Amino acid sequence: MEKALFVPLKTEHFEAFAAGRKPEEYRPYGARWNERTCWPGRRVTLSHGYGKRRRLHGTVTGFRIVGADAHPALPTLYPGRTEFAAIAICLDGVDAARASI
């Protein structure tokens with residue numbers, strides 16, 4: 001079995017996932033974040049930063065490639081990037097149908 005996909009998050013994004021307000025994560029599309037590494041069904045660990053104290057576990061439920069217009073912060077966070085991975089994540093104990101793309 002493949003290791004869980006590890007996704008470190010800033011506090012605001014970690015809290016949004018924990019509260020059920022954030023169903024997907026955006027990352028620059030490339031060697032680390034693509035359809036081969038973020039396939040639906042793969043286990044995922046969301047971490048508050050890189051520490052081990054606060055972690056959420058779930059499953060990737062969807063993957064798509066989106067442009068910089070998918071979220072207003074993307075062009076500022078990743079200047080010059082045009083393609084992004086939109087990774088839908090369903091946390092353990094949450095209805096999977098709500099988190100799919």
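Structure shown above.
Residues numbered from 1 in each chain as written. Predicted model: local features only at pLDDT ≥ 70, side-chain atom pairs only at ≥ 80, totals over all residues. Heavy atoms only, no water.

What is the right way to look at the environment of Tyr29 in this model?
Counting through the fold element by element, Tyr29 comes out in the loop between β2 (24–28) and β3 (43–48). Along the sequence, Tyr29 and Thr82 sit 53 residues apart, while their C-alpha atoms lie 8.6 Å from each other. At 2.5 Å, the side chain of Tyr29 forms a polar contact with the side chain of Glu35. (Helix = DSSP H or I, 4+ residues; strand = E, 2+ residues; numbered from the N terminus. Polar contact = N/O pair within 3.5 Å; in protein donor to acceptor, adjacent residues only side chain to side chain.)

What am I meant to see in the pairing of β2 here?
With five of five residues buried, β2 is to be regarded as a mostly interior element. Burial along β2 is two-sided: the face carrying Glu24, Tyr26 and Pro28 and the face carrying Glu25 and Arg27 are both buried. Across five bridges, β2 lies against strand β5 (residues 83–91) in antiparallel orientation. Within β5, the residue paired with Tyr26 across the bridge is Ala86. (Buried < 20%, exposed > 50% of the residue type's maximum accessible area, 1.4 Å probe, protein only. Pairing = 2+ DSSP bridges.)

Please clarify how the sheet that holds β5 should be interpreted in this entry.
The pairing of strands in a sheet happens through backbone hydrogen bonds and is either parallel or antiparallel. Taken together, five strands build an open sheet; the order of strands is β1-β3-β4-β5-β2 and the sheet is mixed. Edge positions in the sheet fall to β1 (5–9) and β2, since each has one partner strand and no second. Taken pair by pair, the neighbouring strands of this sheet meet at an average axis angle of 40°, ignoring direction. Each of β1, β2, β3, β4 (55–67) and β5 is contacted by helix α1 (residues 11–19), which is oriented at about 130° to β3, the strand it contacts most. (Axes fitted to C-alpha atoms, helices over the stretch in contact; angles between N-to-C directions. Contact = heavy atoms within 4.5 Å.)

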